[in-house]
Amino acid sequence: MIEFQGVSKWFGTLKVIKDISATVDKGTTIVLCGPSGSGKSTLVRTVNRLEPIQAGTITVGGTDIYAKSVNVNALRTGIGFVFQQFNLFPHLTVVDNVMLPLRRLRQQSAQGGAADSTSDA
Ligand SMILES: Nc1ncnc2c1ncn2[C@@H]1O[C@H](COP(=O)(O)OP(=O)(O)OP(=O)(O)O)[C@@H](O)[C@H]1O
Ligand SMILES: [Mg+2]
């Protein structure tokens, strides 16, 4: 479960995330929608600690991910996302792109799926 509690973030004087509180339950799928520039990507990036927050807490599986004791590299092996900018490998399929970190870092294998997941980067 991902839990946002009173999360706020500024870029300089621009307050991009304004006191967000929400939960995303394990196994659920949510859609975050809003106008361009409303902070969707910034909010997603906070879950991987790519954007520091100035107020509130974000917990993933009960762990406060902005706690000083959290190993950010270990944290990121358990939280995956695809960047909005084109940071995918063009020679791989969509499935292979998504699975690459799981296969490389977590030694997981393909479990079915429609695409050919046998290639590697
Ligand atoms: N690194 C940054 N430094 C300064 N301002 C930023 C930075 N990243 C984003 N912003 C600003 O924060 C606001 C939210 O941007 P964000 O990219 O999160 O919006 P978005 O909802 O994902 O937009 P889009 O629908 O266009 O993808 C925008 O005003 C943007 O210009
Ligand atoms: Mg965006």
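What counts and how
Residues numbered from 1 in each chain as written. Chains lettered and ligands numbered in written order. Predicted model: local features only at pLDDT ≥ 70, side-chain atom pairs only at ≥ 80, totals over all residues. Helix = DSSP H or I, 4+ residues; strand = E, 2+ residues; numbered from the N terminus. Buried ≥ 20, exposed ≤ 12 C-beta atoms within 10 Å, placed from the backbone. Contact = placed C-beta atoms within 7 Å. Near = placed C-beta within 6 Å. Nonpolar A, V, L, I, M, F, W, Y, C, P; charged D, E, K, R; others polar. pLDDT = per-residue confidence, 0-100. Pairing = 2+ DSSP bridges. Expected span 1.5 Å × (residues − 1). Bend = angle between axes of the 7 residues up to and from the residue.

**Considering the overall build of the chain**
Each helix and strand counted, the chain has three helices and four strands in total. In the chain, the succession of helices and strands from N to C terminus is β-β-α-β-β-α-α. Each of the three principal axes of the chain carries a C-alpha extent, and together these read 45 × 35 × 25 Å. The proportion of buried residues among the 121 residues of the chain is 9%. Excluding contacts between residues fewer than 6 apart, the proportion of contacts in the chain whose partners are at least 24 apart in sequence is 40%.

**Details of the site of ligand 1**
Inspection of the region around ligand 1 gives Phe 11, Val 16, Gly 34, Ser 36, Gly 37, Ser 38, Gly 39, Lys 40, Ser 41, Thr 42 and Gln 84 as its neighbouring residues. At three residues, helix α1 (residues 40–46) tops the list of elements feeding residues into the shell around ligand 1. Classifying every residue of the shell around ligand 1 by side-chain character gives two nonpolar, eight polar and one charged.

**Side note on unusual backbone geometry**
At Asp 19, a position not held by glycine, the phi torsion is positive, near 55°. Tracing the backbone shows Asp 19 in strand β2 (residues 14–24). Given 12 C-beta atoms within a 10 Å radius, Asp 19 is considered exposed. Of note, the phi angle at Arg 49 is positive, near 60°, even though the residue is not glycine. Tracing the chain through its elements places Arg 49 in the loop between α1 and β3 (55–60).

**Observations regarding the confidence of the model for the chain**
Across the chain, the average pLDDT comes to 87, with 91% of residues at 70 or higher. Per-element mean pLDDT across the chain ranges from 85 in helix α3 (residues 94–106) up to 98 in strand β1 (residues 2–11). Low pLDDT, under 50, characterises residues 112–121; the stretch is placed with 13 contacts to residues that sit more than four places away or in other chains.

**Notes on the sheet that holds β3**
By definition, the strands of a sheet pair up through backbone hydrogen bonds, in either a parallel or an antiparallel sense. The strand order across the open sheet built from four strands is β2-β1-β3-β4, with neighbouring strands paired in antiparallel fashion. The open sheet has two free edges, formed respectively by β2 and β4 (63–64), since each of these has just one partner strand. Where β1 lies against β2, seven bridges are found, and the strand directions are antiparallel. Bridging from a neighbouring strand, Val 7 pairs with Ile 20 of β2.

**Observations concerning the pairing of β1**
Here β1 folds back onto β2, and the loop between the two strands holds two residues, one of which, Gly 12, carries a positive phi near 65°. Of the strand pairs in this sheet, β1 and β3 are connected by five bridges, and their pairing is antiparallel. What sits directly across from Ser 8, in β3, is Ala 55.

**Considering α3**
Side chains three or four residues apart in an α-helix point the same way, a direct result of the helix having 3.6 residues per turn. For α3, spanning 13 residues, the distance from its first C-alpha to its last is 19 Å, which sits close to the expected 18 Å at 1.5 Å a residue. Approximately 35° is the largest bend angle found in α3, and it occurs at Leu 100, with the proline Pro 101 only one to four residues beyond.

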